[in-house]
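# Fold and geometry: a report
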Amino acid sequence: GNSVTQMEGPVTLSEEAFLTINCTYTATGYPSLFWYVQYPGEGLQLLLKATKADDKGSNKGFEATYRKETTSFHLEKGSVQVSDSAVYFCALSVGYSTLTFGKGTMLLVSP
Amino acid sequence: GAVVSQHPSWVICKSGTSVKIECRSLDFQATTMFWYRQFPKQSLMLMATSNEGSKATYEQGVEKDKFLINHASLTLSTLTVTSAHPEDSSFYICSARDRARGVDPLHFGNGTRLTVT
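Here goes a summary of the coordinates provided. Not measured: the values here are computed from a predicted model.

A few words on the overall build of chain A. Looking only at helices and strands, chain A has zero helices and twelve strands in total. Along the chain direction, N to C, the helices and strands of chain A fall in the order β-β-β-β-β-β-β-β-β-β-β-β. The globule rule puts the C-alpha radius of gyration for 111 residues at 13 Å, and the 13 Å found for chain A is close to it. Principal-axis analysis of the C-alpha atoms places the extent of chain A at approximately 45 × 30 × 20 Å. When the 111 residues of chain A are sorted by exposure, 43% land in the buried category. Long-range contacts, defined here as pairs at least 24 residues apart, represent 55% of the contacts in chain A between residues at least 6 apart. Summed over its atoms, the accessible surface of chain A is roughly 5,200 Å², and 51% of this surface lies on carbon and sulfur atoms.

Bringing the packing of aromatic side chains into the picture now. This structure, assessed with the given rule, holds eleven aromatic pairs over all chains. Measuring from ring centre to ring centre gives 6.2 Å for Phe34 of chain A and Tyr36 of chain A, while their planes differ by 45°; the resulting arrangement is tilted. The buried category is assigned to Phe34 of chain A, whose relative accessible area is 3%. Residue classification places Tyr36 of chain A among the buried positions, given a relative accessible area of 0%. Taken together, the aromatic side chains of Phe34, Tyr36, Phe89 and Phe101 of chain A together with Tyr36 and Phe108 of chain B make up a single cluster linked through ring pairs. Over the face of the ring belonging to Tyr30 of chain A we find Lys68 of chain A, whose NZ or CZ atom lies 5.0 Å from the ring centre.

Let's shift gears to the state of the cysteines. Residues and elements named next belong to chain A. What the rule picks out here adds up to two disulfides over all chains. With a sulfur-sulfur separation of 1.9 Å, Cys23 is cross-linked through a disulfide to Cys90. Its S-S torsion of about -70° marks the bond between Cys23 and Cys90 as left-handed, since a negative value means left-handed. Taken as a pair, Cys23 in strand 4 (residues 23-26) and Cys90 in strand 10 (residues 86-93) lie far apart in primary sequence, 67 residues in all.

Attention now goes to the sheet that holds strand 8 (residues 76-81) of chain B. Residue and element names in this part refer to chain B. Strand order in the open sheet formed by four strands is 1-3-8-7, with antiparallel pairing between adjacent strands. Because the sheet does not close on itself, it has two edges, and the strands there are strand 1 (4-7) and strand 7 (67-73). Taking each pair of neighbouring strands and ignoring which way they run, the sheet shows an average axis angle of 15°. As paired elements, strand 7 and strand 8 share five bridges and run antiparallel to each other. The residue of strand 8 that forms the bridge with Leu68 is Thr80.

Residue and element names in this part refer to chain B. Side-chain alternation along strand 11 (residues 112-116) places Thr112, Leu114 and Val116 on a buried face and Arg113 and Thr115 on a face that remains uncovered. With four bridges joining them, strand 2 (residues 10-13) and strand 11 adopt parallel strand pairing. Bridge assignment links Cys13 to a residue of strand 11, and that residue is Val116. Relative to strand 11, strand 9 (residues 90-96) is paired through three bridges, and the arrangement is antiparallel. Across the sheet, Phe91 pairs through a bridge with Arg113, a residue of strand 11.

Analysis parameters
Residues numbered from 1 in each chain as written. Chains lettered and ligands numbered in written order. Predicted model: local features only at pLDDT ≥ 70, side-chain atom pairs only at ≥ 80, totals over all residues. Heavy atoms only, no water. Helix = DSSP H or I, 4+ residues; strand = E, 2+ residues; numbered from the N terminus. Rg over C-alpha atoms; globule rule 2.2 N^0.38 Å. Buried < 20%, exposed > 50% of the residue type's maximum accessible area, 1.4 Å probe, protein only. Contact = heavy atoms within 4.5 Å. Areas by Shrake-Rupley, 256 points an atom, 1.4 Å probe, with all protein chains shown as cover. Phe/Tyr/Trp six-rings, centres within 6.5 Å; stacked < 30°, edge-to-face > 60°. Lys NZ or Arg CZ within 6 Å of the ring centre and 35° of its normal. Disulfide = S-S within 2.5 Å. Pairing = 2+ DSSP bridges. Axes fitted to C-alpha atoms, helices over the stretch in contact; angles between N-to-C directions.

As structure tokens, this is what we get:
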């Protein structure tokens with residue numbers, strides 16, 4: 001089956017610190033990979049995606065590279081802001097299937 | 001961009017009553033919508049897949065008679081929590097796939113916070 005494992009949080013950082021949130025996956029078939037962000041009290045928003053090996057998704061300063069050899073899709077940002085505080089979900093889908101989510105990682109950024 | 005509207009954003013109801021949650025795709029057609037329940041500590045659980053014009057497909061362990069799903073049009077799916085109990089209190093999120101864009105990522109509603117007293 002499909003599964004996504006991401007690091008447990010919360011991740012607590014100071015503003016302008018470097019962020020890495022690890023995500024690894026197992027999948028039957030060739031998955032597309034996603035990062036979603038959930039701000040407090042809201043639904044999920046797509047942050048970035050990658051659909052094939054070695055693709056790099058990027059948005060709002062966040063990046064993640066699809067690494068087939070290590071089955072990983074780690075999320076990074078060079079300098080976080082307080083406004084980045086949210087829960088981040090790594091997810092995959094194979095074909096037209098729905099998303100398989102990781103459990104989410106809460107990020108807390110302090111001034 | 002694609003927008004999914006979910007209503008209401010929050011609702012409080014008494015135990016034993018039923019609550020209906022709507023999920024609309026505002027600027028695209030969605031042949032398939034998905035309903036999730038979010039538990040404390042963030043994890044998302046897929047409850048069911050809602051297919052336009054046909055019966056919903058429920059995940060194992062989800063009571064279909066308790067969580068009634070109707071997908072009557074390409075832009076609207078509803079989730080009705082029947083005879084709600086306090087343990088049904090949760091955050092429910094819908095999502096929809098843009099039919100015209102195939103496997104493009106799902107678009108999510110802003111969720112509904114249900115509190116059953």
